[in-house]
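Residues per chain are reported as follows:
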Amino acid sequence: MERIIQITAGRGPAECTWVAAQVLKKVLEEAQDQNLETILLQREAGEENGTVETASIAVKGKKADEFVNSWIGTIQWIGQSQFRKMHKRKNWFIGIFEIEPQKNTSVLENDIQYQAMRSSGAGGQHVNKVSSAIRATHVPTGIAVVAMDSRSQHQNKKLATERLLKKLEDEKLAQLKNHVGKQWENQLNIVRGNPVRVFTGSDFKKNKVEKSYKGTRQKLKNDLRNEHN
């Protein structure tokens, strides 16, 4: 079982990208605790250090459905802004959405079916009597093309194959654009309210830089004492 989810800060401010980064960590940690396999498919960093605009994760395992369903929806974090200490807002929202896996469009030789047919149009008696045109059909998708440019059936088969592969590539690109479009819609569709999970500042505790400086100063003091002793 595999499910793909997208964690997104949407069009929220830097605080939301910070929350998205913390939620990404929580999702990965919880999945590991439940013995689920995770693959980070995509991660787009935010403008601030350590933040995440959006990330996509594939979750695999027997309990993948239950796990993913428990996260899909709006996530709320209640706490003081990490970037604007005097900011009055205390509630920040991000979204987790499911992404449908893209269909595998890799083309196998056995997936293409060829059919000889009579050419039509200008060309004299030859094209009317000889089945030189070729229709190439990609059986899994039903996409088909026809080549009748040449009097050679072999050459038309080659042309038909090239055109079919080009058409399948165009279709794959269209699907990818649609896929990205849906992801962008997710960026806009975060609903504030009815969160599936709520976190507070203590859950996303951030290590303060001052602590490290304090420890460094204390170490220097101890070193000085040792030198005088």
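Higher on the page you've got the structure.
First things first, this report covers the structure right here in the doc.

What counts, and where the lines are drawn
Residues numbered from 1 in each chain as written. Predicted model: local features only at pLDDT ≥ 70, side-chain atom pairs only at ≥ 80, totals over all residues. Heavy atoms only, no water. Helix = DSSP H or I, 4+ residues; strand = E, 2+ residues; numbered from the N terminus. Buried < 20%, exposed > 50% of the residue type's maximum accessible area, 1.4 Å probe, protein only. Contact = heavy atoms within 4.5 Å. Areas by Shrake-Rupley, 256 points an atom, 1.4 Å probe, with all protein chains shown as cover. Pairing = 2+ DSSP bridges. Axes fitted to C-alpha atoms, helices over the stretch in contact; angles between N-to-C directions. Core = buried A, V, L, I, M, F, W, Y, C linked by side-chain atoms within 4.5 Å. Salt bridge = Lys/Arg side-chain N within 4 Å of Asp/Glu carboxyl O. Phe/Tyr/Trp six-rings, centres within 6.5 Å; stacked < 30°, edge-to-face > 60°. Lys NZ or Arg CZ within 6 Å of the ring centre and 35° of its normal.

**A closer look at the overall build of the protein chain**
Logical step 1: A count of helices and strands for the protein chain gives five helices and nine strands.
Logical step 2: Helices (α) and strands (β) of the protein chain occur, in sequence order from the N terminus, as β-α-β-β-α-β-β-β-α-β-β-α-β-α.
Logical step 3: Looking at the protein chain as a whole, 32% of its 229 residues qualify as buried.
Logical step 4: In the protein chain, the proportion of contacts linking residues at least 24 apart, taken out of those at least 6 apart, comes to 60%.
Logical step 5: On the protein chain, roughly 15000 Å² of surface is accessible, and the fraction owed to carbon and sulfur atoms is 49%.

**Some remarks on the sheet that holds strand β1 (residues 2–8)**
Logical step 1: On the basis of which strands lie adjacent, the open sheet formed by six strands has the order β2-β3-β1-β5-β4-β9 and mixed pairing. Single-partner strands in this sheet number two, and they are β2 (37–45) and β9 (197–200). Sheet twist, expressed as the average angle between the axes of neighbouring strands with direction ignored, equals 20 degrees.
Logical step 2: Bridge count between β1 and strand β3 (residues 52–60): seven bridges; the pairing is antiparallel.

**Remarks on the nonpolar core**
Logical step 1: Ile7, Val23, Val27, Phe67, Trp71, Ile94 and Ile96 are the most contacted members of the largest nonpolar core, which has 27 residues in total.
Logical step 2: Where this core is concerned, the elements lending two or more residues are β1, α1 (14–33), β3, α2 (64–69), β4 (73–78) and β5 (91–99).
Logical step 3: Here this core takes nine residues from α1, the largest share from any one element.
Logical step 4: Ala136, Ile143, Leu164 and Leu168 belong to the second largest nonpolar core, which has 10 residues in total.

**Concerning the sheet that holds strand β7 (residues 133–138)**
Logical step 1: The strand order β6-β7-β8 describes an open sheet built from three strands, whose pairing is antiparallel. Two strands in the sheet have a free side with no partner beyond their single neighbour: β6 (112–117) and β8 (143–147). Neighbouring strand axes in the sheet, compared pairwise and without regard to direction, differ in orientation by 20 degrees on average.
Logical step 2: The sheet contact formed by β7 and β8 spans five bridges and is antiparallel. Its bridge partner being in β8, Ala136 is matched across the sheet by Val145.

**Digging into the pairing of β4**
Logical step 1: Pairing of β4 with β5 involves six bridges; the strand directions are antiparallel. Each bridged residue has a counterpart across the sheet, and for Ile78 the counterpart in β5 is Asn91.
Logical step 2: In terms of strand pairing, β4 meets β9 through four bridges, oriented parallel. Along β9, the bridge assignment pairs Gln76 with Val198.

**Topic: the pattern of salt bridges**
Two side chains of opposite charge can pair, provided their charged atoms sit close to one another.
Logical step 1: Summed over the entire model, instances satisfying the criterion amount to seven salt bridges.
Logical step 2: Between Glu2 and Lys60 there is a salt bridge, with its nearest N and O atoms 3.4 Å apart. Note that Glu2 is positioned in strand β1 and Lys60 in strand β3, a separation of 58 residues in sequence.
Logical step 3: For Lys60, a relative accessible area of 29% corresponds to the partly exposed category.
Logical step 4: Here the salt bridges share partners, and the residues they tie into one network are Arg3, Asp65 and Glu98.

**So, the packing of aromatic side chains**
Logical step 1: Scanning the model with the defined rule gives two aromatic pairs in all.
Logical step 2: Between Trp71 and Phe199, the ring centres sit 6.2 Å apart and the planes meet at 20 degrees, which makes this aromatic pair stacked. Placement of Trp71 in the loop between α2 and β4 and of Phe199 in strand β9 is noted, with a sequence separation of 128 residues between them.
Logical step 3: Residue Phe199 is classed as buried on the basis of its relative accessible area of 11%.
Logical step 4: Residue placement shows Lys157 over the ring face of Tyr114; its charged tip is 4.6 Å from the ring centre.

Functional significance is not addressed by these values, which are geometric in nature.
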